[in-house]
Amino acid sequence: MNKAFVREPDDLQTARCPRCGSPGVAVGRETLAAQLMPEAAAALGDAAWFCPFPRCDAAYFNVLERVVSVDSLRQPVYPKDPAAPVCPCFGLTLDDIDQDLAEGGVRRVRATIERAKSPEACCLERSPTGRSCIADVQRYYMQRRGGS
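Residues numbered from 1 in each chain as written. Predicted model: local features only at pLDDT ≥ 70, side-chain atom pairs only at ≥ 80, totals over all residues. Heavy atoms only, no water.

A.B. asks: Give a detailed account of the pattern of salt bridges, specifying residues and quantitative values.
C.D. replies: If you walk through the whole model with that rule in mind, you get eight salt bridges. Residue Lys117 is joined to Glu114 by a salt bridge in which the shortest nitrogen-to-oxygen separation is 3.8 Å. For Lys117, a relative accessible area of 57% puts it in the exposed group. The partly exposed category is assigned to Glu114, whose relative accessible area is 47%. (Salt bridge = Lys/Arg side-chain N within 4 Å of Asp/Glu carboxyl O. Buried < 20%, exposed > 50% of the residue type's maximum accessible area, 1.4 Å probe, protein only.)

A.B. asks: Could you give me a rundown of the nonpolar core, with the residues and numbers involved?
C.D. replies: In this structure, Val86, Ile97 and Val137 are the most contacted members of the largest nonpolar core, which totals 18 residues. Elements represented by at least two residues in this core include exactly helix H3 (94-103), helix H4 (107-116) and helix H6 (134-145). A per-element tally of this core places H6 first, with four residues. Ignoring any residue separated from it by four or fewer positions in sequence, one finds Ile97 in contact with Val86, Leu92, Val109, Val137, Tyr140 and Tyr141. (Core = buried A, V, L, I, M, F, W, Y, C linked by side-chain atoms within 4.5 Å. Helix = DSSP H or I, 4+ residues; strand = E, 2+ residues; numbered from the N terminus. Contact = heavy atoms within 4.5 Å.)

A.B. asks: Residue-level account of H3, with values.
C.D. replies: Those residues of H3 not exposed but buried are Leu94, Asp96, Ile97 and Asp100. Viewed along the axis of H3, the buried residues span an arc of 160°, placing them on a single side of the element. In H3, the exposed residues that point more than 90 degrees away from the buried face are Asp95, Ala102 and Glu103. Tucked into the core, H3 has its buried residues touching H4 and H6. Gly104, located one to two residues past H3, shows a positive phi value of around 75°. (Arc of directions from axis to C-beta.)

A.B. asks: Now, about the packing of aromatic side chains: what can you tell me, with residues and values included?
C.D. replies: Ring pairs (aromatic) are described by centroid distance and by the angle formed between their planes. Tallying each qualifying case throughout the model produces two aromatic pairs. Seen from the ring of Phe50, Lys80 lies directly overhead, with NZ or CZ sitting 5.8 Å from the centre. (Phe/Tyr/Trp six-rings, centres within 6.5 Å; stacked < 30°, edge-to-face > 60°. Lys NZ or Arg CZ within 6 Å of the ring centre and 35° of its normal.)

Structural data, given as structure tokens:
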């Protein structure tokens, strides 16, 4: 395809999902290969973006606005599926965070965050964004706790 006819995003760091318009999270080949069925990963090429909007059925998209839906994922992922682990490396779920809150502690959350900082974490392959879950875990905890 002639590049003169391809609409590229103005800023590749803030590419937007063609289906919902949400800013995407850049991911590389390793994450795509781990998260998608081989034919779906091949359709996107070496680099793509994850659509983090929970209600959008797009999982990944590329600069050519090719979209791979959540049906092509190898397993359910957070935030597309709220029952999926928010920390796929160590299995921490939203229910686990809610249990910590109900008990008035942070035992599960703290243990997961410490493990997520260790070499044990495999975020590049297990996380749909290819990044650590720490920010998502802390954000959900603070929202449920009533913090800002």
